[in-house]
Amino acid sequence: MGCDESLVRAYNAATVTGFNSSFILARDNVNCILFQGSEVRASGHAKIRALGTSRVTARGYVQVYLEGQSIGYKKPFSRAKINKLDNRAAVLKS
C-alpha cells in the first residue's frame, strides 16, 4: 500500500493500493487500485483500476479501467486496453 507521496515497486502477481499522490511501478501480473491523484506506470500483464484523479501510463498487455477524472496514457506500439467507465475519464496517446 502506498500513501502520501510514496514510491512503490510491484512485481510478480502483487496486489497494490495507492492513495494521495503515491507513485507506483507495476510489472508482470500486478493488480493495482489507485485513489486520489495516484500515478502508476504499468507494463506486462498488469490490471489497473484508477479512481478519482489518478494517472496511468500503460504499455505491454496492460488492462486499465478509468473512473472519475482519471487519465490513461497509452504508449505507442503497445497492446494495452484502456476502458473508460466514466465519461469524465480521458485516454491519450503518449
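Residues numbered from 1 in each chain as written. Predicted model: local features only at pLDDT ≥ 70, side-chain atom pairs only at ≥ 80, totals over all residues. Heavy atoms only, no water.

A. Just the packing of aromatic side chains, in detail. Under the counting rule described, the total for this entry stands at one aromatic pair. Residues phenylalanine 19 and phenylalanine 35 carry aromatic rings whose centres are separated by 5.0 Å and whose planes lie at 10° to one another, so their mutual orientation is stacked. Of the two residues, phenylalanine 19 sits in the loop between strand E2 (15–18) and strand E3 (23–26) while phenylalanine 35 sits in the loop between strand E4 (31–34) and strand E5 (39–42), which places them 16 residues apart along the sequence. (Phe/Tyr/Trp six-rings, centres within 6.5 Å; stacked < 30°, edge-to-face > 60°. Helix = DSSP H or I, 4+ residues; strand = E, 2+ residues; numbered from the N terminus.)

B. A look at the sheet that holds strand E6 (residues 47–50). Here we have five strands laid out as an open sheet, ordered E2-E4-E6-E8-E10, and parallel in their pairing. Edge positions in the sheet fall to E2 and strand E10 (81–84), since each of these pairs with one other strand and no more. Going from strand to strand, the sheet's axes swing by 10° on average, the running direction of each strand aside. Across four bridges, strand E8 (residues 63–66) lies against E10 in parallel orientation. Pairing of leucine 66 across the sheet is with lysine 84, part of E10. (Pairing = 2+ DSSP bridges. Axes fitted to C-alpha atoms, helices over the stretch in contact; angles between N-to-C directions.)

C. Focus on the environment of glycine 18. Inspection of the secondary structure puts glycine 18 in strand E2. Note: C-alpha distance between glycine 18 and arginine 55 (37 residues apart in sequence) is 11 Å. Look past the residues within four positions of glycine 18 in its chain and what remains in contact with it is Gly2, Ile24, Ile33, Leu34, Phe35 and Ser38. (Contact = heavy atoms within 4.5 Å.)

D. Representation of the pairing of E8. With burial as the criterion, only one face of E8 is covered, namely that bearing Val64 and Leu66; the residues Gln63 and Tyr65 on the opposite face remain uncovered. Bridging between E6 and E8 involves four bridges; their strand directions are parallel. Within E8, the position partnered with isoleucine 48 by the bridge is valine 64. (Buried < 20%, exposed > 50% of the residue type's maximum accessible area, 1.4 Å probe, protein only.)

E. Inspection of unusual backbone geometry at higher detail. One non-glycine residue with positive phi stands out, namely aspartate 28, at about 65°. Tracing the backbone shows aspartate 28 in the loop between E3 and E4. Judged by relative accessible area, aspartate 28 falls into the partly exposed class, the value being 35%.

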